[in-house]
Amino acid sequence: MARTMRAGVVHAFGKLLTIDEVPIPTPGPGEVLIKVVATGVCHTDLHAADGDWAGRPPLPFIPGHEGAGVIAARGPGVNGLKEGDAVGVAWLHDACGQCEYCMTGWDSLCRAQRNSGYSVNGSFAEYVIGAAPYVGRLPQKCNFAEMGPILCAGVTSYKGIKETEAKPGEWIAISGIGGLGQLAVQYAKAMGLHVAALDVTEEKLALARASGAEVTVNAKAPDTAAQVVKETGGGAHGVLVTAVSPAAFAQALKLVRRKGTISLAAWLASRPVSFRRPSSML
C-alpha cells in the first residue's frame, strides 16, 4: 500500500478545497481503515468548509461523511469486521457509549460525540478512518455511489419518519422533496404509509408522484393546508419537514391532525421560526 493518498483539504474557511498528497492514516485500537470507493457531498460539508457554525472544525481538515468503500486494514481489538468488507462512514464517527443518550440509543445526542469530516477527518479522500462500532455495514455487492448518500440523507429521512410514529395505513406529509424528501417518500411507501408530498416546484412534485406519493400539493398555494387536510381525511398523522424554510416549519402545524406528530429534519441555523396554532386545533 502506498504511504500517501490524495484528499480534498480545507486550509481556510470560505476558500476552495485543495487536492493534497497527505499520509494515509493508520487505524488505532477499535478502528478500521477504509478505502473510499465513492463519497456523497452533503450540504453540511459546505457549512463545514465555510466555517458557518460555532465550534468550527480545526484547520486543516478533510470534509466528508457519506463515504462508502471496503476495509483495507484493521486496528487492534476489532472484531466482527474483516478486510474487504463493504462499509460506510456516517456523520456520527463515534460517541462515548456510556452516557444516558448512548445507553438509550440516542448516541447522536452524546455530548462527547465526534463527527466525520468535522471534528475528525472525513471521506473526501482515498482512505478514511472509521470507528468499528459505528461504521455502516453495507451489502457486499452494492453500488457504492448509490450507498454513499444513504449514510446521511437516508438515515436522516428514515429516522425522521420513525419519530412521527405514523403507522402503516396512516398518512404522512413530507414537506420538501429534495435529497432527503425524495428518499423519505420511498421509505414511507415501503413502510406502508400513505404519502402527501409538498414542494414549491412541479418538477419535485412529479418526482414525488413517480416515487409513490398519492397526494402532491404546491406548498405556496393559498389553500395548501386545506388541500392536505381534505385529501388525508383530517390531516396527516405525521409530518416530516425536510425543507430548509421557516415557512415550511410554520406550515407543518396546519397539516397535522390532532394527536399527530411533527418531525423537523432541516437545519435553519439562526433563522427565526414562528409557530401559530390554527383555530381548528383550539
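Higher on the page you've got the structure.
Below you will find a few notes about this structure. (Residues numbered from 1 in each chain as written. Predicted model: local features only at pLDDT ≥ 70, side-chain atom pairs only at ≥ 80, totals over all residues. Heavy atoms only, no water.)

With that out of the way, let us pick up the overall build of the chain. The secondary structure content of the chain amounts to 7 helices and 14 strands. Its C-alpha radius of gyration of 21 Å places the chain within 12% of the 19 Å reference for a compact globule of 282 residues. Seen along its three principal axes, the alpha-carbon backbone of the chain occupies a region of about 65 × 40 × 40 Å. By residue count, 46% of the 282 residues in the chain fall in the buried class. Surface exposure of the chain reaches about 14500 Å², of which carbon and sulfur atoms provide 55%. Across the chain, the mean location of the 26 positive side-chain charges is 5 Å away from that of the 23 negative side-chain charges. (Helix = DSSP H or I, 4+ residues; strand = E, 2+ residues; numbered from the N terminus. Rg over C-alpha atoms; globule rule 2.2 N^0.38 Å. Buried < 20%, exposed > 50% of the residue type's maximum accessible area, 1.4 Å probe, protein only. Areas by Shrake-Rupley, 256 points an atom, 1.4 Å probe, with all protein chains shown as cover. Lys, Arg positive; Asp, Glu negative; His and termini not counted. Charge placed at Lys NZ, Arg CZ, Asp CG, Glu CD.)

Glancing now at the sheet that holds strand β4 (residues 67-74). Consider a sheet: its strands pair through backbone hydrogen bonds, and that pairing is either parallel or antiparallel. The 5 strands are arranged β8-β3-β4-β5-β9 in an open sheet whose pairing can be described as antiparallel. Single-partner strands in this sheet number two, and they are β8 (127-131) and β9 (136-137). Where strand β5 (residues 86-89) meets β9, 2 bridges bridge the pair, whose relative direction is antiparallel. Its bridge partner being in β9, Val87 is matched across the sheet by Arg137. Sheet strands in contact with helix α3 (residues 144-164) are β3 (31-39), β4, β5 and β9, and its direction is about 95° off that of β4. (Pairing = 2+ DSSP bridges. Contact = heavy atoms within 4.5 Å. Axes fitted to C-alpha atoms, helices over the stretch in contact; angles between N-to-C directions.)

Read these as spatial facts, not as claims about activity.
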